[in-house]
Each structure stands twice: as structure tokens, then as C-alpha cells.
2 protein chains.
Amino acid sequence: MKVGTQRWKAVCAYDGTGFNGWQSQPGGNTIQDFIEARLAVIFETPVRIHGSGRTDAGVHARGQVFHFDGAWKHPTEHLHRALKAGLPQGIQIARIAKAKPDFHARYSATGKRYFYSLFEGDAPPWETRYCWSLGRRRLDIDAMNAAAQPLLGEHDFSAFGANRGDGSEDNPVKDMRRLEVRKRGPKIMIITEASGYLYKMVRSLTGALVSVGLGKIAAEDLSAMLAAKQRTHRIETAPAQGLWLDKVFY
Amino acid sequence: MKVGTQRWKAVCAYDGTGFNGWQSQPGGNTIQDFIEARLAVIFETPVRIHGSGRTDAGVHARGQVFHFDGAWKHPTEHLHRALKAGLPQGIQIARIAKAKPDFHARYSATGKRYFYSLFEGDAPPWETRYCWSLGRRRLDIDAMNAAAQPLLGEHDFSAFGANRGDGSEDNPVKDMRRLEVRKRGPKIMIITEASGYLYKMVRSLTGALVSVGLGKIAAEDLSAMLAAKQRTHRIETAPAQGLWLDKVFY
């Protein structure tokens, strides 16, 4: 880090609808692109931000975390205000604070919480972008929670991963600390906390748990799939728009 | 009504974002235009629908009601499904049922409930389209509720109306049955039930109550404005996107 520069940690929320996901790409229109473009104006020099991880197009975040370095002589509040002022309506900077020089949004993370939002029936128009509408299908919540139990703890989650297609590899062993299904009226939420996630893992787990809830696969099948450590066509990937990155733990 | 035709009552919900309001207009892109276009396909003849009233561009509805006439020999459920299938994602037909021949969505209505949604602070990205964000401003909810009291009952609400600009006139005397302000966390809701409303009346009442909540005008000023029966520049019109038509009473 250059003399005078400071590491910053920021927490942001976004409505993933209409963006091409978190990660910067040549076509632009990503959350990262918009935040970096704004920071470049504020710091009058290119600024690279580092997110806790990517989110796909259409996925939302309540508490995505990123860090960056920059020299700022004014109060932090002014930086916050300057950054907030120049972003699209769908992106919100909730907090920004000084961080230790060795803080890293991705590598310092000890875990993450996601939730996946489902709706029994047709979701109202103002919720369709934020959940997966199940129409006439009804889920057996107890069966789903029972099937989730064997997935808790440390496992090789290869069966619920997907190939990113860019040659990147990831350690498939993750510690699943929480995986539960809650229902309130027509709204169903799958909540997961783990040390980390493979690409499309939450959406694959959701697809698998929904299949259990619909009686298409048995709870034991889910355990067998996990043990097989191989992706099977029997696991559907749930649509992106129901997925929310809720919180990153440090 | 032609022989064989039947009057239908339908309840619909919509996300007003991106539509040019309820009422059909030459430029199209209104809720009424989309529903009529779909019904014309289903009935193979032009169908005119009659709403309980207009909503402006950006205003949402949980329970807008409309009626229309059409000859349908199949189960009502099939009509419902056919209508639902061909509408934009932002429009939802909640219910459709046979109505008596003299039912009229507008003239048979005995009252309507609206709510106006406010947010103290910056609303998260997925709520900005559905409320009015107050930023750093804080409202005195008790003062607002106290100021609302004298508006209950039958009054000439000309002070809170606006000229539609199309020469239409409306009886300014309305029976205000409910006008209350509720707060839950950062979310504030103004709920109103009345026999009817003048053009922009709920948004004007909201603007006036917010001014009271901010201490810009006193509760007595509000009563004086009502008594004056004349629109004053001191009343701001709240933005459209916080307004919801909740329910039409018959």
C-alpha cells in the first residue's frame, strides 16, 4: 500500500435485477463496475474493489462486503456520502469504515449466510423479482428440514457444485453450520450458513430440497448424492432471483 | 348486454413501476390497455373494462377492481387462467367471478382503502420503488395522528384535491372513515379509508401529514386548510411510488 493510503471495508446491498452480477466484466453493468467507476471519480485514480465473492446476475444482496485502498483526508462520513450519491438506485452502500491493512473481504471471511426465498402460489407483482414462485405446488417443510440434517457439518459438497467454466477450482470441502427451512404464510425461506460455498451451491441445495419437499426425491437420496460427490442431473438449480447474500462473517 | 353475455368482476394487483398508470391512453403501456388487449384475444372481440378508478403512473395496487361483459361458456377458472397467462409480470389477476348485471366497479363502490408507505432513512434497493424514502428526516408520529383527527368524517376536501386538467369535476365532499399513521421500525404507513377521493387527494394528505410530522406546519394549520376549501402551495404532493390502492369496498 502506498504511503497515505488506507484500507476501507464497505457493506453494500443491491437489487440484482437488471445487473450482470457482482463481478466486473467486459460488457460492464455489474455492481463492481458501478462502484469502481464511482470510486475512480472520488479518488481521481482507478480504484479496484475486492468483494467477499461473486454473485450471479439476478442474485440480490443485503450485506455484500468489499474492500479497497485509497487516500482520503476527510471524514469517513464524507466518503460514504460521495459514494452513495453517484450509484444507480439498485445499489446501496450501507456502511463504510477504516479496516486494518491485512483485512481482505474474501480471505478474511469465516463464513457466509444466504437465504433463498420461495413463494407458494403466485407471488404478487412486487415480489416476483425476489423469490421463486411455486404456483400450485406445495412443499412438505418437515421433510425438507429432515433431509437437511445430514448435510450439516464438514462435507465434500461436489455434488452440489457447478463448473464455473473459467478453469477456476475451489476446495469442495465446506463446513455447513446451518441449513433450515422456515415457512410463514405463503413465504418459505431456506437459510444457510457455511464456511464457504461452491459455485451455484445454494441454488443447487435449494433445488434439491424443493425436490424433497415435492416428494420427487427422498431424504435418503439427498444423503446418497452428497456421499457420491458427483453432480447428478436429478438436482435442479433454483432460479437466481430467489437468492440473497445476507451476511458475511469475519 | 347482449344475450349470452355475462358481467364479470375481477380483482387485480400491480406494480405501477414502468406503467403509465391505470387508465387507457393513446400512448398505451397502461394496466387497462394490457388487460383489454388480453381479453380481446380471449373473447375474439374488443372488450372494454371499467376500473373502480384511475391510479397514476408509478402508483401500485393490491386490490384494484374492474368489471367487463363477455360471453364465456367454459368454467370461470379457465377464463382466470387464460387472462393470467398473457399479462406482463407486473400485473396479476387475483380473482375473477360472475357479477350481477348491475354491478359497476366504480359506481357500486362504497369506499376505498389506500395506504402510503414511507421509510425513515434510505430504503433498501428492493423497496425504493414502493415507498417514499425520508433520508435523515424523522417524523413525529403522534403529532401526525393528532392532526389527522379533525379530518375524520364528512368534509369538503377541496384543499387536498388537484385539477385533473381534463375538465372533469368531482363532488369534493367525502366521508373520511379512517386516517391513521403507524410506525414499525423504519417503516411508516399512512392508512386511509374514505367514501371516495379527489384527484391526488391521498398524496396531498400524505404531503400535509409529513409536513406536520416534520414540524413544518402545525396540526391547527391542517384544520384551517381543510376549512379554507382551497388548495395552498404549503401542501406538497407526496411522490407516486409510495401510494398503494389496497382495497375497494362494495
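Residues numbered from 1 in each chain as written. Chains lettered and ligands numbered in written order. Predicted model: local features only at pLDDT ≥ 70, side-chain atom pairs only at ≥ 80, totals over all residues. Heavy atoms only, no water.

### Re the overall build of chain A
Here is step 1 of the chain: If you tally the helices and strands in chain A, you get five helices and ten strands.
Here is step 2 of the chain: Over its C-alpha atoms, taken along the principal directions, chain A stretches across nearly 60 × 40 × 30 Å.
Here is step 3 of the chain: Within chain A, the fraction of its 250 residues that count as buried is 51%.
Here is step 4 of the chain: Residue pairs in contact within chain A that sit at least 24 positions apart in sequence constitute 70% of those at least 6 positions apart.
Here is step 5 of the chain: With an accessible surface of roughly 11,800 Å², chain A has 48% of that area assigned to carbon and sulfur atoms.
Here is step 6 of the chain: Looking at chain A, you have 35 positive and 25 negative side-chain charges, and the mean spots of the two groups are 5 Å apart. (Helix = DSSP H or I, 4+ residues; strand = E, 2+ residues; numbered from the N terminus. Buried < 20%, exposed > 50% of the residue type's maximum accessible area, 1.4 Å probe, protein only. Contact = heavy atoms within 4.5 Å. Areas by Shrake-Rupley, 256 points an atom, 1.4 Å probe, with all protein chains shown as cover. Lys, Arg positive; Asp, Glu negative; His and termini not counted. Charge placed at Lys NZ, Arg CZ, Asp CG, Glu CD.)

### Let's talk about the packing of helix α1 (residues 31-43) of chain A against helix α2 (residues 76-85) of chain A
All names here are of chain A.
Here is step 1 of the chain: Orientation of α1 relative to α2, taken along the N-to-C sense of each, is 130°, at an axis distance of 9 Å. Taken together, the axes of α1 and α2 lie oblique to each other. Handedness of the α1/α2 crossing: right-handed. Contacts from Ile35, Arg38, Leu39, Ile42 and Phe43 in α1 reach Leu79, Ala82 and Leu83 in α2.
Here is step 2 of the chain: Residue composition of the contact of α1 with α2, grouped by class: seven nonpolar, no polar and one charged. (Axes fitted to C-alpha atoms, helices over the stretch in contact; angles between N-to-C directions. Parallel < 35°, antiparallel > 145°, perpendicular 65-115°, else oblique. Left-handed = near helix turned anticlockwise from the far one by under 90°. Nonpolar A, V, L, I, M, F, W, Y, C, P; charged D, E, K, R; others polar.)

### Details of the pattern of salt bridges
Here is step 1 of the chain: All told, the structure shown has 40 salt bridges over all chains when counted by the stated rule.
Here is step 2 of the chain: Between Arg7(A) and Asp69(A) there is a salt bridge whose closest N-O contact spans 2.8 Å. Here Asp69(A) lies in strand β3 (residues 60-70) and Arg7(A) lies in strand β1 (residues 6-14), a separation of 62 residues in the sequence.
Here is step 3 of the chain: Overall, Asp69(A) belongs to the partly exposed group, its relative accessible area being 28%.
Here is step 4 of the chain: The partner of Arg136(B) in a salt bridge is Glu77(A), and the shortest N-O contact between them spans 3.0 Å. Taken together, the residues span two chains, with Arg136(B) in the loop between β6 (132-133) and α3 (141-148) and Glu77(A) in helix α2.
Here is step 5 of the chain: Judged by its relative accessible area of 35%, Glu77(A) falls in the partly exposed class. (Salt bridge = Lys/Arg side-chain N within 4 Å of Asp/Glu carboxyl O.)

### Here we look at the relation of the copies chain A and chain B
Here is step 1 of the chain: Of the transformation placing chain A onto chain B, the axial shift is 0.0 Å and the rotation is 180°, giving an RMSD of 0.0 Å. Interpreted geometrically, this transformation is the action of a two-fold axis. Among all C-alpha atoms of chain A, that of Trp126(A) lies closest to the rotation axis, at 4.6 Å. (Least-squares fit on C-alpha atoms with pLDDT ≥ 70 in both.)

### Focus: the interface of chain A and chain B
Here is step 1 of the chain: Residue-level contacts link 22 residues of chain A with 22 residues of chain B.
Here is step 2 of the chain: Counting the surface chain A buries against chain B, the share from its top three residues, Gln92(A), Pro125(A) and Trp126(A), is 38%.
Here is step 3 of the chain: At the surface where chain A touches chain B, the tally comes to six salt bridges.
Here is step 4 of the chain: Counting the contacts that link chain A with chain B gives twelve residue pairs in polar contact (both at pLDDT 80 or more).
Here is step 5 of the chain: Every element with two or more residues in the side of chain A that touches chain B is listed here: β1, β3, α2 and β4 (91-99) of chain A.
Here is step 6 of the chain: Class assignment of the residues belonging to the side of chain A that touches chain B gives a composition of ten nonpolar, four polar and eight charged. (Buried area = accessible area lost by both parts, 1.4 Å probe. Polar contact = N/O pair within 3.5 Å; in protein donor to acceptor, adjacent residues only side chain to side chain.)

### Quick look at the domain arrangement of chain A
All names here are of chain A.
Here is step 1 of the chain: Per the domain assignment, the segments of chain A are domain 1 (6-99) and domain 2 (111-249).
Here is step 2 of the chain: Relative placement of domain 1 and domain 2: their C-alpha centres are 27 Å apart.
Here is step 3 of the chain: Listed as interface residues are 16 residues of domain 1 and, on the opposing side, 18 residues of domain 2.
Here is step 4 of the chain: Buried area between domain 1 and domain 2, summed over both chains or domains, comes out near 1,300 Å², and the portion from carbon and sulfur atoms is 53%.
Here is step 5 of the chain: Our count for the contact surface shared by domain 1 and domain 2 stands at two salt bridges.
Here is step 6 of the chain: Two residues, Asp246 and Arg62, come together in a salt bridge whose shortest N-O distance is 3.5 Å.
Here is step 7 of the chain: Along the contact surface separating domain 1 from domain 2 lie eleven residue pairs in polar contact (both at pLDDT 80 or more).
Here is step 8 of the chain: Looking at side-chain class alone, the side of domain 1 that touches domain 2 contains four nonpolar, eight polar and four charged residues. (Domains from an automatic or database assignment.)

### So, helix α1 (residues 31-43) of chain B
Residues and elements named next belong to chain B.
Here is step 1 of the chain: For α1, spanning 13 residues, the distance from its first C-alpha to its last is 18 Å, which sits close to the expected 18 Å at 1.5 Å a residue.
Here is step 2 of the chain: Buried residues of α1: Ile31, Gln32, Asp33, Ile35, Glu36, Leu39, Ile42 and Phe43, and no others.
Here is step 3 of the chain: On the buried face of α1, the contacting elements are β1 (6-14), β3 (60-70), α2 (76-85) and β4 (91-99).
Here is step 4 of the chain: Two residues or fewer after α1 comes Glu44, characterised by a positive phi angle close to 55°. (Expected span 1.5 Å × (residues − 1).)

### Concerning the pairing of β1(A)
Residue and element names in this part refer to chain A.
Here is step 1 of the chain: In terms of burial, β1 is largely enclosed, as seven of its nine residues are buried.
Here is step 2 of the chain: Summarising the sheet, β1 and β3 pair through eight bridges and their orientation is antiparallel. The residue of β3 that forms the bridge with Trp8 is Phe68.
Here is step 3 of the chain: Here β1 runs beside β4; their pairing, made up of eight bridges, is antiparallel. The partner of Lys9 across the bridge, within β4, is Ala97. (Pairing = 2+ DSSP bridges.)

### Some details on the environment of Leu87(A)
Residue and element names in this part refer to chain A.
Here is step 1 of the chain: Here Leu87 shows up in the loop between α2 and β4.
Here is step 2 of the chain: Using a relative accessible area of 12% as the deciding quantity, one classes Leu87 as buried.
Here is step 3 of the chain: Remark: the alpha-carbon pair of Leu87 and Ile31, spanning 56 residues in sequence, is separated by 9.4 Å.
Here is step 4 of the chain: Not counting residues up to four positions away in its chain, the partners in contact with Leu87 are Phe34, Ile35, Arg38 and Ile93.

### Observations concerning the packing of helix α3 (residues 141-148) of chain A against helix α4 (residues 201-213) of chain A
Residue and element names in this part refer to chain A.
Here is step 1 of the chain: Two elements in contact, α3 and α4, have axes whose closest approach is 8 Å; the angle formed by their N-to-C orientations is 130°. Relative to α4, α3 is oriented oblique. Seen from above, α3 lies across α4 with right-handed handedness. Of α4, the residues touching α3 (which contributes Ala143, Met144, Ala147 and Ala148) are Leu209, Val210, Val212 and Gly213.

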